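# Summary of the model geometry
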Amino acid sequence: MKVAIFSTKPYDQRFLEAANHRFGHELVFLEARLTAKTAALAAGFPAVCVFINDQLDAATLGAIAAGGTQLIALRAAGFNHIDLATAAELGLTVVRVPSYSPYAVAEHTVGLILMLNRKLHRAYNRVRDDNFALEGLLGFDLHGSTIGIVGTGKIGQCFAQIMHGFGCHLLAYDIHPNPNCLALGVTYVDLPTLLANSDIVSLHCPLLPNTHHLINKTSLQGLKPGAMLINTSRGALLNTNDVIAALKSGQLGSLGIDVYEQEEELFFEDLSNTVIQDDAFQLLQSFASNVVITAHQAFFTRNALENIAHTTLANITDFAEGHPCANEVKLAHH
Ligand code: NAD
């Protein structure tokens, strides 16, 4: 099938081309993000392949449908940025990669925790500067600490298994408790109980209308004072301004994020020669000791990119051959 691949980075092209030997699709790589303005580039392509910061609003969907597109293949798991109701009305099929490596995201989450707890970012810079003092680098044992996991699906479960290995107590909140987590000894509680009792809270639930700004002024007030908050899920799970206020007051001890609510203006690009206009982001960056930000790289392992490429192309083949696709995103998912 002829596929227009939007938001292409060199690594996308490398992994998709390697996987395509088995599928033989006609892949056309475009650097542009898919938006209503760039939708004309998709004209004549029955399939488009998009990533998480492509804009799949009603205007864009209308334009690509008019140009003859029938399939949107997401090379990601999250689909919160697609107007599924409009896609359904226009007869556009949406497929995604529901699971490609929960290990990648769970392991990066642990990386953020270790970095913040033991101040590895500061230690690295200090030693390079011949400053061998330890003041300011004090951490705590993860062993015996309490971890609160919000969302125990594929990634939350992997994360629980890793933290179990560290000897942590595990609390979780999920609308559907996971039997594998229960077997591991995870205790399911309600969200306020989780927030009040956890030394580290890590978010692994999807972004949905009912999880938007799940972490806000009220929930932050219920946090164990000085707790660490980690978000490798979706930026809008946090109200950024409320989080900044909680960091300033000390109610929130530290913050590790791989996702940011306004990240589509920033992430995946080299902006080192420009002036960043996002004041909240700049303010977060100014907490040198207790805030660590990575730019949506939790998924970024070789294994995950191989799986993403393979599943994306297999999804496209299913559609091209008229087979039902298990990875189709239906409106009912909401
Ligand atoms: P999953 O569907 O396997 O698990 C999500 C879990 O969240 C489910 O158990 C579900 O019951 C639970 N949930 C749903 N609504 C909830 C609510 N209101 N409160 C609490 N729990 C709720 O998904 P997954 O593969 O584990 O991925 C989790 C999220 O991680 C994705 O939605 C995506 O946004 C994010 N993600 C981020 C990256 C990254 O690179 N940073 C990569 C992949 C996925």
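The structure we're discussing is the one just above.
Residues numbered from 1 in each chain as written. Predicted model: local features only at pLDDT ≥ 70, side-chain atom pairs only at ≥ 80, totals over all residues. Heavy atoms only, no water.

What follows is about the site of the ligand. With respect to spatial proximity, 23 residues lie near the ligand, and among them Y100, K154, I155, D174 and T232 are the closest. Within the side chain of K154, a nitrogen or oxygen atom sits 2.9 Å from an oxygen atom of the ligand. A distance of 2.9 Å separates a nitrogen atom of the ligand from a polar backbone atom of T232. Isolated, the ligand exposes 870 Å² of accessible area, and the fraction of that covered by the protein chains is 87%. In this structure, the ligand is accommodated by the largest pocket. Across the shell around the ligand, the residue classes tally to nine nonpolar, 10 polar and four charged. (Near = heavy atom within 4 Å. Polar contact = N/O pair within 3.5 Å; in protein donor to acceptor, adjacent residues only side chain to side chain. Areas by Shrake-Rupley, 256 points an atom, 1.4 Å probe, with all protein chains shown as cover. 1 Å grid on protein atoms, 1.4 Å probe; cavity = no way out; pocket = protein on both sides within 12 Å on 5 of 7 lines; lining within 4 Å. Sits in = over half its atoms within 2 Å of the grid points. Nonpolar A, V, L, I, M, F, W, Y, C, P; charged D, E, K, R; others polar.)

Inspection of the entire model under this criterion finds six aromatic pairs. Ring geometry for F267 and F281: centres 6.2 Å apart, planes at 75°, overall edge-to-face. Of this pair, F267 sits in the loop between strand 11 (252–257) and helix 11 (279–285) while F281 is found in helix 11, placing the two residues 14 residues apart along the sequence. Taking relative accessible area as the criterion, F267 reaches 7% and is therefore assigned buried. Among the aromatic residues, ring-to-ring pairing joins Y11, F51, F268, F299 and F300 into one connected group. The lysine or arginine in question, K2, covers the ring of F45, its NZ or CZ lying 4.7 Å from the ring centre. (Phe/Tyr/Trp six-rings, centres within 6.5 Å; stacked < 30°, edge-to-face > 60°. Helix = DSSP H or I, 4+ residues; strand = E, 2+ residues; numbered from the N terminus. Buried < 20%, exposed > 50% of the residue type's maximum accessible area, 1.4 Å probe, protein only. Lys NZ or Arg CZ within 6 Å of the ring centre and 35° of its normal.)

To continue, consider helix 6 (residues 154–165). Given a rise of 1.5 Å per residue, 12 residues ought to cover 16 Å, and the 17 Å separating the end C-alpha atoms of helix 6 matches this to within 8%. Three or more residues of helix 6 are buried, namely G156, Q157, C158, F159, A160 and M163. Packed against the buried residues of helix 6 are helix 4 (102–118), strand 6 (146–150), strand 7 (169–173), helix 7 (179–184) and strand 9 (200–203). Positioned one or two residues after helix 6, G167 has a phi angle of 85°, which is positive. (Expected span 1.5 Å × (residues − 1). Contact = heavy atoms within 4.5 Å.)

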